[in-house]
Amino acid sequence: MSLYIDVPARAQSPASPTYPPEAFIHLRPDGTIVIQVNRLEFGQGVQTALPMILAEELDADWSQVVGELAPAADVYKDPIYQLQMTGGSISVPHSFQQYRELGAKMRAMLVAAAAEQWRATPAQCRTENSVVYGPANVSARYADLANDAARRSVPGEVRLKTPSEFRLIGTPVRRLDSRAKCDGSLKFGIDVDLPGLKVALVARPPVYGGRVKRLNDREARAVAGVRDVFEVPVMRGATGIAVVADTFWMAKQARDRLSIEWDLSGVEHPDTSQMLTRYRELSRTTGNVAVNRGDATALDRIPAANRIVADFSFPYLAHTPMEPLNTTIRFDGDHAEAWVPSQFQTMDQIAIAEVLGLEPHQVTFHTEYAGGGFGRRTPLDSHVQREAAAIAKRMRGTPVKVVWTREDDVQGGYYRPMFVHHVEVGIDARGMPMAWRHVVVGQSHIIGTGPPWEGALVKNGVDELVVEGTADSRYAIPNFHVSAHQPTINVPVAQWRSVGMTHNAFVMETLIDELAVRAGIDPIAYRLALLRPDARKLRNPLTLLDEKTKRWRFSVPRDHAVGIACNEYHETGVACAVEVSIENARPRIRRATVTADVGMAINPLTLEAQFQGGIVYGLSQLVEGGAITFSDGRVDQRNFDGHTPPYMQDAPVEMDVHIVPSTEPPTACGECPVPVISPAVVNALFRLTGKRYRALPLTRL
Amino acid sequence: MSGCQCLLIGGCATIVVAAGGRMTAGQASRAEGLAAWQQVYSVLTHPRCINCHTATAYPQQGDDRHPHRFNVVRGETGMGVPAFTCAACHQRVNADSTGVPGAPGWHLAPLSMQWQDMRDQIMSSGAVCRAVTDRSKNDNLDGAGLLKHHEEEPLVLWAFQPGRGLDRSPRSVPPLTHGEFVAATRTWVEAGLPCPAP
Amino acid sequence: MANYALTVNGRQTEVNVDPGTPLLWVLREHLKMTGTKYGCGIGACGACTVHLGGVATRSCLLPVSLVGSRPIATIETMASDPVGRVVQDVWVAADVVQCGYCQSGQIMTAVALLKTVPKPTDAQIEQGMGGNICRCGTYVRIRQAIARAAQQLG
């Protein structure tokens, strides 16, 4: 998810709140060190990365470290945004300094406690593997010093290690949660069980904003195990019917037997083919201007033979994390307890409290492990939580787990919006783009949401997230005009892993490739020539990519081709080369080489995993079936059969990931690889078929 | 002619076949045989039958005969591949509560028994007739063997009681009942297994 | 509602449920064994994979009334299984998991593959695992881990 406000991660203001180490570190008598992670773990590895950072400065015995997902509380808010949230790939960049300080402060307190016991000075002590060593061979375990240390005041300033002193950071440390995820013991939100727990499913209107007109629940109530059936508000002023039963299956059988007549009047019925027509018309006109650099009329003076005109279209995309949406809440009247695999604890807690008529602090909010997120678990309206709270309110005293079926998930909205682009490029004598006019058409999920995001992200009527990847392009194009139309459509939309980059990077990187081909220049060399001199974060990975692929990318077999793409996202630059053939009318990615400049690599093993994973996630845009479409207001797809994700055969057979060596502070990771794979693959496909693929997803080649 | 009743009891299919079945060749004219074959062909090319008589590495699904989703493949035995067999989902009887069809020994017909081409286009009546009667391809069945296959093979019987999909609506069935299908087969066999040209 | 005697991970147990209840939900909600996951309910993703009489089976599609006497093995017992244990260990050593939600199903499928084909080719790995979805994209490491596990078991 990207809600990135342009504040460099390094800029920690002196007035930022202090974080008491005891809220983050628990030193158990048995030597275990439990570290509270102020984020959601949904695969990205933060429950290992943040403890690593803390354990480094603490000089902890890593084998004794356990990570826990912190509940909702002020102290666990993101130090820069002051919201407890996971998204925008900010977790490590924003909490890097914070967790280092926490570890260093605790270490200082332990050393001070030991020094006092030994009547030594802290300077005479050193620490290693959860032990303080003093002069003359004395030593003490952290576990034994814990109580004493806790009584001391927290130091204001601490010395942090220099990178050369790192023992953990920068090393390939394995995840802490692996074993439990391999033996079925780790519980996700959907696995939560409580005494007396009931399960609820909700029948939601087939068109967003619809309302229940008439309900016949006789058959549903006759299903064994059904406890109650009642109307609830669902998102966007719509209403639905909740079915509460003893188990999921009973609730599902009952819901399937509801006979609901819906009032679908008064709301727009989105229709993909109508929208495409409307969007294409809009894309031929100037929208709200995001960038107007140089001479907007320069393009008109370039002869048609030296121009490229291109239209692109991208469908709605669902996120489909493997664990379907769920929330468990028990409402007791003056208090509530919630178990949520939440990407946005602060807002979710507020939303639940609002519906229940409580103050946020009256909602005990547990953060559960999540089976993926990709942006789906943090829509700004907390609609999943609001709905669940309404059900919990009705079922007062009983804990209720609201579960979304996969069908609910695929059809439930909050998609990556549909987009259409119209681009005209004027080419100079060297084959470089000298004029570029670009119109983006698609929904904004920020406009209309008010503070804090709207004020931060919307400028001159353009939502930055709609044009990111184009407006902020690092290519040196002297006459550059970017505008956007952001229609209001009755489809809820949200951020999808790498957000605006998903479509903008595709357009940019395929057009750049087309220009490179026209100019007869190698695609990596072309990019290096066209990039602005200060585009360091892209130059580095491109140069590394050239080095790492020299051996093979000029000598692939005749029915294979190579495609290149690059992208910069939140100060991380990524470049990618793929070797592709066509098998069974589909692209077969034999190999992918990915390079990245992420600043300091906290954990190369996790980074590699995130890059491998992000590349595969990016392929969701390409695979046949990778689209959500509407007919007369209804989503055409139901489940994975209609909205198909990449399977193993769609993924690169081999992938190598290389990180540009760096000691700069760490920048984003999780979303960064997603935008590069689709353009890289279609750039390769062009060399095999002679066709430019500008409407995603691909169909049979 | 005899009718046929299929009773699903627990996990077994029990077939009760009323009397009938004289198998003397020449009891039906060539014209009658060809007409009967067209009836047989109309069943064989119905989705409930032809979806598993593909020429490709995959079965088909649904009335629109799309390639079976989820990367289900034929495998060397027609029963799927190690760790991802037909039996991963298909049991010995229909699972109506989850919308999965089932019959004993659920698997694909061998490639020699394909009734479609590599582009999933159904073969002509003549081509299917020749394939079905070619003893080098049809598991060495003669007329009597084919009739028995149509009468008793569980996967054939399944086509006429194919269960319900996930939306609880019944799957479409071939244009003949099982009894009519057997009767048409018998007529065709008695006529000497004539095939239309081409 | 009816009674069903089930053998799960070597132990006899009895449940009283509607006959159409998929084995997945019997395991998760009646036997409180949540290691087997719900990902789609239509057999598209493999997160619900168990071994039924040794055969990798998608439990979201299997009504409990059709289980019969076939023994059921779930992810919870793989640590005690000679192949299961190696697969889990390799999975951990290779840092395969990300969110982990699909991994019970991936491991159950991988174990079934290795028990059927101790030395699977790359094509057999891809086809055998080809119906399991991982949205986090751990496919590259899964391929490598299975090859490694095969070597170790070899």
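Predicted, not measured: the structure shown is a model, and the values here were computed from it. For every chain, the first residue of the written sequence is number 1, and numbering continues from 1 onward in sequence order. Each chain gets a letter, beginning with A, and each ligand a number, beginning with 1, in the order they are written. The model is predicted, so local features are restricted to residues of pLDDT at least 70 and side-chain atom pairs to those at 80 or more, both for listing and for counting; the totals for chains, interfaces and linings are taken over all residues. To obtain the side-chain values, all non-hydrogen atoms of the structure were used and water was disregarded.

Q: Just checking my understanding: could you explain the overall build of chain B for this structure?
A: Check the secondary structure of chain B and you find 6 helices and 6 strands. In chain B, the order of α-helices and β-strands from amino to carboxyl end is β-β-α-α-β-β-β-β-α-α-α-α. The classification of residues rests on relative accessible area computed with a 1.4 Å probe and restricted to protein chains. Under 20% of the type maximum is buried, over 50% is exposed, and intermediate values are partly exposed. Out of the 198 residues in chain B, the part that is buried amounts to 48%. Note on areas: Shrake-Rupley with a 1.4 Å probe; residue coverage comes only from the protein chains shown. By element, 56% of the accessible surface of chain B is carried by carbon and sulfur atoms, the whole surface being about 9,200 Å². Each helix is a run of DSSP H or I of at least 4 residues and each strand a run of E of at least 2, with the numbering of both proceeding from the N terminus.

Q: So what exactly am I meant to see when it comes to the interface of chain C and chain B here?
A: Note: interface size is frequently given as the accessible area lost on complex formation between the parts. Taken together, the contact between chain C and chain B spans 25 residues of the former and 19 residues of the latter. Two parts placed together each lose some accessible area under a 1.4 Å probe, and adding up what both lose gives the buried area. Buried surface at the junction of chain C and chain B, both sides included, amounts to about 1,700 Å², of which 68% is carbon and sulfur. Considering only the side of chain C, the residues that lose the most area to chain B are L61, L66 and Q127 of chain C, jointly responsible for 29% of the buried surface there. One speaks of a salt bridge when a side-chain nitrogen belonging to Lys or Arg is within 4 Å of a carboxyl oxygen belonging to Asp or Glu. For the pair chain C and chain B, the number of links is 0 salt bridges. Residues adjacent in sequence count toward polar contacts only when both atoms are side-chain atoms; beyond that, a polar contact is any pair of N or O atoms within 3.5 Å, and within protein one must be able to donate a hydrogen and the other to accept it. At the junction of chain C with chain B, the criterion picks out 5 residue pairs in polar contact (both at pLDDT 80 or more). Secondary-structure elements contributing two or more residues to the side of chain C that touches chain B are β4 (55-58), α3 (103-116) and α4 (122-128) of chain C. When the residues that make up the side of chain C that touches chain B are grouped by side-chain class, the tally is 14 nonpolar, 9 polar and 2 charged. Should any heavy atoms of two residues lie within 4.5 Å, those residues are counted as being in contact. All amino acids are sorted into three groups, where Ala, Val, Leu, Ile, Met, Phe, Trp, Tyr, Cys and Pro are nonpolar, Asp, Glu, Lys and Arg are charged, and the leftover types, Gly among them, are polar.

Q: Would you take a moment to explain the nonpolar core for this structure?
A: Nonpolar side chains in soluble globular proteins generally cluster together in the buried interior. The criterion is simple. A nonpolar core is a set of buried Ala, Val, Leu, Ile, Met, Phe, Trp, Tyr and Cys residues joined through side-chain atoms within 4.5 Å. Core analysis: the biggest nonpolar cluster contains 153 residues, and F24 and L58 of chain A together with L6, V87, W91 and I146 of chain C have the highest contact counts within it. What marks off one domain from the next here is an automatic or database domain assignment. Counting contributing residues, this core receives three or more from each of domain 1 (2-76) and domain 2 (78-153) of chain C. Not counting chain neighbours up to four residues away, the residues in contact with L6 of chain C comprise R11, Q12, T13, V15, L23, V26, V64, V67 and I72 of chain C. Counting residues in hydrophobic clusters, the runner-up holds 87 residues, among them M85, Y475, W552 and I615 of chain A.

Q: Sorry, what's going on with the pairing of strand β9 (residues 226-233) of chain A here?
A: Side-chain direction in a regular strand flips from residue to residue, so the side chains alternate between the two faces of the sheet. Residues and elements named next belong to chain A. Looking at chain direction, β9 and strand β10 (residues 239-245) are connected through 7 bridges and run antiparallel. By the bridge assignment for β10, V232 is matched with G240. Taking the residues that link successive antiparallel strands as the turn, the β9-β10 hairpin has 5 residues, and the phi of R236 there is positive, at about 65°. When DSSP finds at least two bridges between two strands, those strands are taken to pair.

Q: For this particular structure, what's the right way to read the interface of chain A and chain C?
A: Across the contact, 60 residues belong to chain A and 53 residues belong to chain C. Taken together, both faces of the contact between chain A and chain C bury some 4,700 Å²; the carbon and sulfur share is 58%. It is C182, M322 and M648 of chain A that lose the most area in chain A upon contact with chain C, and together they represent 18% of the buried surface on that side. Run the count over chain A and chain C and you get 6 salt bridges.

Q: Before we go on, may I ask you to explain the sheet that holds strand β2 (residues 33-37) of chain A in this structure?
A: To summarise the sheet geometry, strands pair through backbone hydrogen bonds and adopt either a parallel or an antiparallel arrangement. Residues and elements named next belong to chain A. On the basis of which strands lie adjacent, the open sheet formed by 3 strands has the order β1-β2-β3 and mixed pairing. The open sheet is flanked by β1 (25-27) and β3 (65-69), the only strands paired with a single partner. Geometrically, the sheet is characterised by an average inter-axis angle of 20° between neighbouring strands, direction not taken into account. Both β2 and β3 contribute to a ladder of 5 bridges, which runs parallel. Directly across from V37, in β3, lies its bridge partner L69. Only the contacting stretch of a helix is used when fitting its axis, a line to C-alpha atoms as for every element, and angles between N-to-C directions run 0 to 180 degrees. Along the sheet face, helix α1 (residues 46-58) touches β1, β2 and β3 and points at about 125° away from the line of β2.

Q: Can you walk me through the sheet that holds strand β16 (residues 363-367) of chain A in this structure?
A: All names here are of chain A. One open sheet accounts for 7 strands, arranged β9-β10-β7-β17-β14-β15-β16; its pairing is mixed. Every other strand in the sheet has two partners, leaving β9 and β16 as the edge strands with one partner each. On average, adjacent strands in this sheet sit at an angle of 20° to one another, irrespective of strand direction. Across the sheet, helix α6 (residues 248-256) touches β7 (198-203), β9, β10 and β17 (400-403), and the angle it forms with β7 is around 30°. Packed on one face of the sheet, helix α9 (residues 383-394) meets β7, β9, β10, β14 (326-331), β15 (336-340) and β17 and runs near 35° to β14.

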